[in-house]
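Residue-level listing of the chains:
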Amino acid sequence: MTSNLISQIGFIVLLIMVVRALISYTKEDWGQFFSGLVLGLFCLIVVFFGPQLEQLARALGNSIFS
């Protein structure tokens, strides 16, 4: 686990989405499966690149609001 709070929350959501995607796959509910898969991939990106995304957001915020 990481020390970044956003990454930790993203990891928990990622685990939930994996379980929901597996349940949707077994029920052959393809719409919910693909939407869960996309959200899970988004959470995976947030988990692995959380600190870099935080630095990017701060740099953008500083350039806009300063």
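Quick note: structure is the one above.
The model shown is predicted, which means the values in this text are computed figures rather than measured ones. (Residues numbered from 1 in each chain as written. Predicted model: local features only at pLDDT ≥ 70, side-chain atom pairs only at ≥ 80, totals over all residues. Heavy atoms only, no water.)

Participant: So what's going on with the environment of Ser35? Which residues, and what values?
Facilitator: Tracing the backbone through its elements, the reader meets Ser35 in helix α2 (residues 30–48). Given the relative accessible area of 45%, Ser35 is considered partly exposed. For Ser35 and Ala21, which are 14 residues apart along the polypeptide, the C-alpha to C-alpha distance reads 8.5 Å. A polar contact of 3.0 Å, which involves the side chain of Ser35, links it to the backbone oxygen of Gln32. (Helix = DSSP H or I, 4+ residues; strand = E, 2+ residues; numbered from the N terminus. Buried < 20%, exposed > 50% of the residue type's maximum accessible area, 1.4 Å probe, protein only. Polar contact = N/O pair within 3.5 Å; in protein donor to acceptor, adjacent residues only side chain to side chain.)

Participant: Quick one: what's the story with the pattern of salt bridges, residue by residue and with numbers?
Facilitator: Going through the model one piece at a time under the given rule, you end up with one salt bridge. Among the salt bridges present, the one from Arg58 reaches Glu54, with a minimum N-O distance of 2.8 Å. Residue Arg58 and its partner Glu54 are located together in helix α3 (residues 50–65), separated by four residues, close to a single helical turn. (Salt bridge = Lys/Arg side-chain N within 4 Å of Asp/Glu carboxyl O.)

Participant: Can you tell me about the packing of helix α1 (residues 5–27) against α2, naming the residues and giving the values?
Facilitator: It is the contact of α1 with α2, at a shortest axis distance of 8 Å, that shows an interaxial angle of 160°. Judged on the interaxial angle alone, α2 and α1 are roughly antiparallel. As α1 runs across α2, the sense of the crossing is left-handed. Contact residues: Ile6, Ser7, Gly10, Phe11, Val13, Leu14, Met17, Arg20, Ala21, Ser24 and Tyr25 in α1; Trp30, Gln32, Phe33, Gly36, Leu39, Gly40, Cys43, Leu44, Val46 and Val47 in α2. A per-class count over the contact of α1 with α2 returns 14 nonpolar, six polar and one charged. (Axes fitted to C-alpha atoms, helices over the stretch in contact; angles between N-to-C directions. Parallel < 35°, antiparallel > 145°, perpendicular 65-115°, else oblique. Left-handed = near helix turned anticlockwise from the far one by under 90°. Contact = heavy atoms within 4.5 Å. Nonpolar A, V, L, I, M, F, W, Y, C, P; charged D, E, K, R; others polar.)

Participant: So what's going on with α1? Which residues, and what values?
Facilitator: If you check α1, its first and last C-alpha atoms are 33 Å apart, about what 23 residues at 1.5 Å a residue would give, namely 33 Å. Buried residues of α1: Ser7, Gly10, Leu14, Met17, Ala21 and Ser24, and no others. Of the surrounding secondary structure, the elements contacted by the buried residues of α1 are α2 and α3. Looking one or two residues past α1, Glu28 carries a phi angle of roughly 60°, positive in sign. (Expected span 1.5 Å × (residues − 1).)

Participant: Help me get a handle on the environment of Leu39, residues and values and all.
Facilitator: Locating Leu39 in the fold gives a position in helix α2. Taking relative accessible area as the criterion, Leu39 reaches 37% and is therefore assigned partly exposed. Separated by 25 residues in sequence, Leu39 and Leu14 have C-alpha atoms that sit 7.9 Å apart.

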